[in-house]
Amino acid sequence: MGKTYERIDGRLRSFIEAQPVFFTATAPLAGEGTVNLSPKGLTGCFAVLDEHTVAYLDFAGSNAETIAHLRENGRITLMWCAFQGPPNIVRVHGRGEPVFRDDPRFPELLTHFPDIDPAAHGLRAVIVVSAELVRDTCGYAVPFMAYEGDRDLHGKRFAREDDASLDAYFTKKEYIASSIDGLPGLPLPLPPSTV
């Protein structure tokens, strides 16, 4: 039923790159802290960097729980489910790091996402994940669902913003600069983009 993989390649890589949605899970170190689970799914926002490293784009939103948890402890799990075709679930357990817009690595990381205009979605960071454990499981109970296409609302909403207005948006949100549990979140003021 389940199998552990040494690397992300071949059939496994093809499967995760073909999925239109994936999920991220993080948590603070504190036992009473808030666990975070987020869906991600804009075509072109995920990339396999090498056999042990993946990355995805972190866009503007109403909170920054994943960033806060990664800054505190780095733990993250990514999960993909087959909603069409043969059943399958793949999880990548690892250590993640938010690479912010003013980081010297940021421009090179963006080259892995050629189909995404970073300005159109209020890009905050690239999340880079080093895989420590890669497993798949059966997915027999995951329902069939049809993918109809990406929503265009996020791009339309944040394409109207520039660095100054994005910074103002983030500053007024309760859980951007710090998490629900008070951990440091997105560094503000928003660093200017290096691209």
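As a starting point, this report considers the structure included with it. (Residues numbered from 1 in each chain as written. Predicted model: local features only at pLDDT ≥ 70, side-chain atom pairs only at ≥ 80, totals over all residues. Heavy atoms only, no water.)

### Describing the environment of I16
- Positionally, I16 belongs in helix α1 (residues 10-18).
- Residue classification places I16 among the buried positions, given a relative accessible area of 2%.
- For the pair formed by I16 and V99, sequence separation is 83 residues and the distance between their alpha carbons is 22 Å.
- Once residues lying within four places of it in the same chain are set aside, the contact partners of I16 are I8, F46, V48, W80 and V90. (Helix = DSSP H or I, 4+ residues; strand = E, 2+ residues; numbered from the N terminus. Buried < 20%, exposed > 50% of the residue type's maximum accessible area, 1.4 Å probe, protein only. Contact = heavy atoms within 4.5 Å.)

### Let's talk about the layout of surface pockets
- Each pocket or cavity is described by its volume, and for the largest pocket that value is around 1,100 Å³.
- The wall of the largest pocket is formed by 45 residues, among which V21, P39, K40, G41 and L42 lie closest to the centre.
- If you list the elements that add at least two residues to the lining of the largest pocket, you get α1, β3 (36-40), β5 (53-59), α2 (65-72), β8 (123-137) and α4 (153-158).
- Of all the elements, α4 adds the most residues to the lining of the largest pocket, at four residues.
- Counted as a void, the second largest pocket has a volume near 210 Å³.
- Residue lining of the second largest pocket: 18 residues in total, with E17, Q19, T43, G44 and F46 positioned closest to the centre. (1 Å grid on protein atoms, 1.4 Å probe; cavity = no way out; pocket = protein on both sides within 12 Å on 5 of 7 lines; lining within 4 Å. Points joined across faces, edges and corners; volume = space filled by probe spheres on them.)

### Some thoughts on the pattern of salt bridges
- Applying the stated criterion across every chain yields a total of nine salt bridges.
- A salt bridge links E97 to R105, with the shortest nitrogen-to-oxygen separation between them at 2.8 Å.
- Classification of E97 by relative accessible area gives partly exposed; the value is 34%.
- Each member of the salt-bridge network shares a partner with another, and the members are E97, D103 and R105. (Salt bridge = Lys/Arg side-chain N within 4 Å of Asp/Glu carboxyl O.)

### Points about helix α5 (residues 163-172)
- If you check which residues of α5 are buried, you get L166, D167, Y169 and F170. The arc that holds every buried residue of α5, seen down its axis, measures 160°, which confines them to one face. Away from its buried face by more than 90 degrees, α5 exposes A164, T171 and K172.
- Taken together, the buried residues of α5 touch β8 and α4.
- Where α5 starts, the residue carrying a side-chain oxygen 3.2 Å from the main-chain nitrogen of A164 turns out to be D162. (Arc of directions from axis to C-beta. Polar contact = N/O pair within 3.5 Å; in protein donor to acceptor, adjacent residues only side chain to side chain.)

### Observations regarding the environment of G61
- Assignment of secondary structure puts G61 in the loop between β5 and α2.
- For G61, a relative accessible area of 18% puts it in the buried group.
- When the C-alpha atoms of G61 and D117 are compared, they prove to be 17 Å apart, with 56 residues separating the residues in sequence.
- Those residues in contact with G61 that sit more than four places away from it in its chain are R124, F158, Y169, F170 and I176.

### Some words on the environment of R7
- Examined against the element boundaries, R7 turns out to sit in the loop between β1 (3-5) and α1.
- On the accessibility criterion, R7 (36% relative accessible area) is partly exposed.
- In this structure, the C-alpha to C-alpha distance between R7 and A141, residues 134 residues apart in sequence, is 26 Å.
- Once residues within four sequence positions are removed from consideration, R7 is found in contact with L12, E51 and H52.
- For R7, the side chain forms a polar contact with the side chain of E51, separated by 3.4 Å.

### Details of the packing of aromatic side chains
- Taken as a whole, this structure holds six aromatic pairs when the rule is applied.
- When the centroid spacing of 5.5 Å and the interplanar angle of 75° are considered together, the rings of F158 and Y169 count as edge-to-face. On the criterion of sequence distance, the pair formed by F158 in helix α4 and Y169 in helix α5 is long-range, its members being eleven residues apart. With respect to class, F158 is no different from Y169; both count as buried.
- By the ring-pair criterion, three or more aromatic residues cluster together here, those being F22, F46, Y56 and W80.
- The positively charged end of R157 is found above the aromatic ring belonging to F158, 4.5 Å away from the centroid.
- The side chain of R157 reaches across the aromatic face of Y169, ending 5.0 Å from its centre. (Phe/Tyr/Trp six-rings, centres within 6.5 Å; stacked < 30°, edge-to-face > 60°. Lys NZ or Arg CZ within 6 Å of the ring centre and 35° of its normal.)

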